[in-house]
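Structural description and commentary
Here is how the chains run, residue by residue.
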Amino acid sequence: MDEAVKRMFACGLLACASLAAAQALQDPTRPPASLSAPQGGAAGSAAAAPAKQAPRLQSVLIARQPGGRHLAVIDGETLRIGDSYQGARVTRIEQNEVELSRGNARQVLKLNAAVPANAGAIERVRTE
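Reading the values: rules and limits
Residues numbered from 1 in each chain as written. Predicted model: local features only at pLDDT ≥ 70, side-chain atom pairs only at ≥ 80, totals over all residues. Heavy atoms only, no water. Helix = DSSP H or I, 4+ residues; strand = E, 2+ residues; numbered from the N terminus. Buried < 20%, exposed > 50% of the residue type's maximum accessible area, 1.4 Å probe, protein only. Contact = heavy atoms within 4.5 Å. Pairing = 2+ DSSP bridges. Axes fitted to C-alpha atoms, helices over the stretch in contact; angles between N-to-C directions.

Notes on the environment of Glu 77
Secondary-structure assignment places Glu 77 in strand β3 (residues 77-80). Looking at Glu 77, the relative accessible area reads 36%, which means it is partly exposed. Separated by 19 residues in the primary sequence, Glu 77 and Gln 58 have C-alpha atoms spaced 9.3 Å apart. Not counting residues up to four positions away in its chain, the partners in contact with Glu 77 are Ala 72, Ser 84 and Tyr 85.

Structure (structure tokens):
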């Protein structure tokens, strides 16, 4: 019976070791790193002088019913009209844009503003 206890203990240690080596799960909805990487410039210069990036509108959700919810996702933060984001107030949420106001200053964030007009276009190739 002493040998059976040793084997069970060894099996338990192996099971714990395999759990400790498990990898963390990645978020399947997270955009590719190439989309969130800064465009142009050297990585070293960006690290030397950290610049404050402009807020990025990621998503807009508008209910179909009149008077329904209007939500905007800016840099991963879900906001409604009247909410505050980094010192600015969300004053308007439209289908493709959101307006932020800081005092008298207004800033309009457009959905997919960084995507070129022909991005994702399908090129027609003639085969004759």
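Read on for the rest.
A closer look at the pairing of β3
In this structure, strand β2 (residues 70-74) lies alongside β3, joined through four bridges in antiparallel fashion. Across the sheet, Ile 74 pairs through a bridge with Glu 77, a residue of β3. From the end of β2 to the start of β3, which pair antiparallel, there are two residues, and Asp 75 there has a positive phi angle of about 50°.

Focus: the sheet that holds β2
Here we have three strands laid out as an open sheet, ordered β1-β2-β3, and antiparallel in their pairing. Every interior strand has two partners, whereas the edge strands, β1 (57-62) and β3, have only one. Here the strands of the sheet are splayed against their neighbours by 20° on average, with no regard to which way each runs.

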